[in-house]
Amino acid sequence: MDDLVAHPFFPILVLFCLAGIVVLALLLVAQKVGPKKMDPVKAEPFESGNPPRGDARIRFPVKFYLVAMLFLIFDLEAVFLYPWAILLRRLGTYGLVEMGIFLLIAAVGFLYAWKRGALDWE
Amino acid sequence: MRQFVDQLIQNGYFAGAPKELVYAGAMIVAALVVLSVFVAPLAGVTSWLERRVWARMQSRVGPNRVGPQGILQWLADGIKNLLKEDIIPASADKFLFSLAPYVVFVGFLSAFVVIPFGRELIVADLNIGILYLLAVTSVVVVGILMAGWSSNNKWSLLGGMRSAAQIVSYEIPAGLAVLTIVFVAGTLSTQGIIKGQGWAPWDWFLFYNPFTFVAFFLYFTAALAEGNRTPFDIPEAESELVAGYVTEYSGMRFLFFFFAEWGNLYVIGAVATILFLGGWHIPAIPALADQPILKGGLQFAVFFVKAYFWVFVAMWVRATLPRVRVDQLMSLCWKYMVPLSFVCVVGTAAWMLIWPQGNRPVSMAMFLLGVVILAMFSKRVGYQIRHARPVLYLRPYI
Amino acid sequence: MEISTAIFYLVAAVTVGSAAMVAFSRNIIHSAFSLLGTFAGVAGIYVFLGADFVAGVQVLVYVGGILVLILFAVMLTHRITDVQITNRSAGRIPGLVVVAILFVLLVQSIGETPWAKAKEVVYKATTASIGDLFLGDYLLPFELASLVLLAALIGAVVLARQEIKE
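Values in this document were obtained by computation on a predicted structure and should not be read as measured data.

Peer 1: Sorry if this is basic, but what is going on with the overall build of chain B here?
Peer 2: Regarding its fold elements, chain B presents 14 helices and zero strands. Secondary structure elements of chain B occur, N-terminal to C-terminal, as α-α-α-α-α-α-α-α-α-α-α-α-α-α. Out of the 398 residues in chain B, the part that is buried amounts to 50%. For chain B, the share of sequence-separated contacts (at least 6 apart) that also reach a separation of at least 24 residues comes to 79%.

Peer 1: Explanation requested: the overall build of chain C in the structure shown.
Peer 2: A tally of regular secondary structure across chain C gives seven helices and zero strands. Along the chain direction, N to C, the helices and strands of chain C fall in the order α-α-α-α-α-α-α. Residue pairs in contact within chain C that sit at least 24 positions apart in sequence constitute 55% of those at least 6 positions apart.

Peer 1: How do you make sense of the confidence of the model for chain B when you look at a structure like this?
Peer 2: Detailed reading of the predicted coordinates is not advisable wherever pLDDT falls low. Scored by pLDDT, chain B has a mean of 83; 89% of the residues are at 70 or more. Taken element by element, chain B is modelled with least confidence in helix α10 (residues 238–241) of chain B, mean pLDDT 54, and with most confidence in helix α9 (residues 210–226) of chain B, mean pLDDT 92.

Peer 1: Any chance you could explain helix α11 (residues 251–276) of chain B here in plain terms?
Peer 2: For an α-helix, 3.6 residues make a turn, and residues three or four places apart therefore share a direction. Residues and elements named next belong to chain B. For α11, with 26 residues, the first-to-last C-alpha span of 38 Å sits near the 38 Å given by 1.5 Å per residue. Within α11, 24 of the 26 residues are buried, leaving the element largely enclosed by the surrounding structure. Positive backbone phi, at 80 degrees, marks G278, one or two positions downstream of α11.

Peer 1: Sorry, what's going on with the environment of V22 of chain A here?
Peer 2: Within the secondary structure, V22 of chain A is located in helix α2 (residues 10–33). Residues V22 of chain A and E77 of chain A lie 55 residues apart in sequence; the distance between their C-alpha atoms is 37 Å.

Peer 1: Please clarify how α2 of chain A should be interpreted in this entry.
Peer 2: The terminal C-alpha atoms of α2 of chain A, which comprises 24 residues, lie 34 Å apart, in line with the 34 Å expected from a rise of 1.5 Å per residue. Along α2 of chain A, the positions that sit buried rather than exposed are F10, P11, I12, V14, L15, A19, V23 and A30 of chain A.

Peer 1: Please explain the interface of chain B and chain C as it appears in this structure.
Peer 2: Where interface size is given, it is often the accessible area lost as the parts come together that is meant. Opposite the 20 residues of chain B that make contact, chain C presents 16 residues. Going through the elements one at a time, α5 (129–137), α6 (140–150) and α7 (154–185) of chain B are the ones with two or more residues in the side of chain B that touches chain C. Split into classes, the residues belonging to the side of chain B that touches chain C amount to 18 nonpolar, two polar and no charged.

Peer 1: Can you help me understand the packing of α11 of chain B against helix α12 (residues 292–320) of chain B in this one?
Peer 2: When two helices pack together, their arrangement is captured by the angle between the axes and the distance separating the axes. All names here are of chain B. Put simply, α11 and α12 touch, their axes get as near as 8 Å, and they point 125 degrees apart. It follows from the interaxial angle that α11 and α12 lie oblique. For α11 against α12, the interelement crossing comes out right-handed. On α12, the residues touching L265, Y266, I268, G269, A270, A272 and T273 of α11 are F303, K306, A307, Y308, W310, V311 and A314. Partitioned by chemical class, the residues of the contact of α11 with α12 number 11 nonpolar, two polar and one charged.

Peer 1: Any chance you could explain the nonpolar core here in plain terms?
Peer 2: The tendency in soluble globular proteins is for nonpolar side chains to be buried as a group. Grouped together as the largest cluster of nonpolar side chains are 194 residues, with contacts concentrated most on V182 and Y219 of chain B. A domain-level breakdown of this core finds at least three residues from each of domain 1 (1–77) and domain 2 (84–355) of chain B. Excluding residues within four positions of it along the chain, V182 of chain B makes contact with Y82, A85 and I86 of chain A together with I130 and L188 of chain B.

Peer 1: It is not clear to me how the environment of Y208 of chain B should be interpreted in this structure. Could you clarify?
Peer 2: Residues and elements named next belong to chain B. Mapped onto the elements of the fold, Y208 is located in the loop between α8 (190–195) and α9. You can call Y208 buried: it has 30 C-beta atoms within 10 Å. Sequence separation between Y208 and I181 is 27 residues; the distance between their C-alpha atoms is 9.5 Å.

Peer 1: In this structure, what is going on with the confidence of the model for chain C? I would like to understand it.
Peer 2: Put simply, chain C has an average pLDDT of 85, and 89% of its residues get 70 or more. If you check the scores for this complex, the pTM reads 0.89 and the ipTM reads 0.86.

Peer 1: It is not clear to me how the packing of helix α4 (residues 63–115) of chain A against helix α3 (residues 52–76) of chain C should be interpreted in this structure. Could you clarify?
Peer 2: Orientation of α4 of chain A relative to α3 of chain C, taken along the N-to-C sense of each, is 165 degrees, at an axis distance of 9 Å. Considering their axes alone, α4 of chain A and α3 of chain C lie roughly antiparallel with respect to each other. Between α4 of chain A and α3 of chain C the crossing geometry is left-handed. Two secondary-structure elements touch here, α4 of chain A through F64, Y65, A68, M69, F71, L72, D75, L76 and V79 of chain A and α3 of chain C through V57, L60, V61, G65, I66, V68, L69, F72, A73 and L76 of chain C. Residue classes in the contact of α4 of chain A with α3 of chain C are distributed as 17 nonpolar, one polar and one charged.

Peer 1: Quick question: what am I supposed to make of the environment of G251 of chain B here?
Peer 2: Along the chain, G251 of chain B falls in helix α11. The exposure class assigned to G251 of chain B is buried, which follows from the 20 C-beta atoms found within 10 Å. Sequence separation between G251 of chain B and I87 of chain B is 164 residues; the distance between their C-alpha atoms is 8.2 Å. If we ignore the near neighbours within four places in the chain, the residues touching G251 of chain B are A30 and G34 of chain A together with N81, K84, E85 and D86 of chain B.

Rules used in this analysis
- Residues numbered from 1 in each chain as written.
- Chains lettered and ligands numbered in written order.
- Predicted model: local features only at pLDDT ≥ 70, side-chain atom pairs only at ≥ 80, totals over all residues.
- Helix = DSSP H or I, 4+ residues; strand = E, 2+ residues; numbered from the N terminus.
- Buried ≥ 20, exposed ≤ 12 C-beta atoms within 10 Å, placed from the backbone.
- Contact = placed C-beta atoms within 7 Å.
- pLDDT = per-residue confidence, 0-100.
- Expected span 1.5 Å × (residues − 1).
- Nonpolar A, V, L, I, M, F, W, Y, C, P; charged D, E, K, R; others polar.
- Axes fitted to C-alpha atoms, helices over the stretch in contact; angles between N-to-C directions.
- Parallel < 35°, antiparallel > 145°, perpendicular 65-115°, else oblique.
- Left-handed = near helix turned anticlockwise from the far one by under 90°.
- Core = buried A, V, L, I, M, F, W, Y, C linked by C-beta atoms within 7 Å.
- Domains from an automatic or database assignment.

As structure tokens, then:
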């Protein structure tokens, strides 16, 4: 028990369980206490009063996927920058040059994406 | 937190109980207290305050019936939502539909683990504090996609996808702006970042160098966009997509999404305070030296006021600015904020190498610049308030 | 059994169970969302190993980035729920035999590998050490990683090129 409680991440576990319990409890209460008059109109998808039409799964433009891809790449670059941020003072100019190369390559990629129009939305 | 419990044990409380059990119990009680006494009323009062602030800014009254000045409005709304019928659309994916509010709620609530309430009062001072905060707020995106898809409704899906694309895009400038401060502080832990600052405004990281000054505005804008707040609230645009990804949600499930949204406002303000505004620092008053409870209370009050001020600013922005179009939103992020935040990062790194101990005159100059900008802004706002011509003069005591 | 061991087994069960759901679920959307459980479980296992920075990065990158990417890809595909993802060409019995052989091989190799065991798990800040390694001993892989990211970026832009040029 001691090593579990002394673990710095233990409060997160407590919070997860607590959030789960709270959500479950409130939803259970809501289900028990609320009225249950289900009717076909209530069960339809909501379209501001129009009768629902067509399949709910429509085809999406690919720019969503491109945005997610761009996010992933720049997020990884930010993740690589975090350890350097902590060691900045210790590594000095040498670290700056190393990261400078890293950031330069990232900037080249960013510029390429910009010129190609990947950063435009519609 | 641990030191706090140790102090209590030394002072004779919990005598006789095994230490681990005391720690575990204290942790569970702390989490419960944080959740029920702090987060729930905070999110609720924020929702009431938002409606009041909007109303007063639009020369109307706002909710003022339930309780003194309407402050219990959120309780009434909460109980009402609890009593509503739990409707799940017939063609919706039941399991994912029920799971989505939980994912969003957990993603939001876990942020409170690293937000300090005072020098010793933090649920857990993780070594990766700020990184943990960024990681946990990115879990919300998955919940939103879950909600959008499982509702089996075109508008929900479109709203969910757009919201996910927006949140995900704005995480980059937010993360890089936070990184700028990590350079200055040298640690990822939230208490460590606060301890690197002082109580005086020119000791705050906000005025440390011009790059951190810009980084603050980048962070705040990106955080507003991540929280789906105006002017970036396309996914919730009432006039366009009904309610976006929460269209099919009603009753308690709906409340969980909005609970997370209002609570997130406080998280934004708290993170801005931790990183840029000096956190819980108070000037060293000799009279308080041996009164830890009073000192802790004062520190908490200072932190809370600073954080809540930014909640008020977010509401103010929502009442004032029009909505940004989705392509403007995306180009703002990728073409302006991302390059600017990279410039801030590199600039701060170079600055830290040239002046490792900080440059006091520049900080003071930045502080004076900030004061001048604030004075000019307040003058303009005062002018607008004095010369506004409301159609109806109301006297609702505030 | 101590409570921390029990919680470790719980986290491991969540990870493996979600991974099983990813593989076996009939509904591809359920598969995609089960990855959330898998990635979060892996982050939990990193926490047990004392790798706090890696756990945070796991959640940030995998859950916040890769899972979102996979979800977008799945949701962008037209009428994906109509697709049958079972391949019946090979038959069940040969499949089971191959899986059993692989399982035995894996268990043997895991059992016989001399794992480097730490005396006890120490929870200290790992970010600084990781930074030291990145910018010290492993500098070349680090710079190569940025080239890999560049290649991924160019690939993504090229793949989406048709839609953009229209």
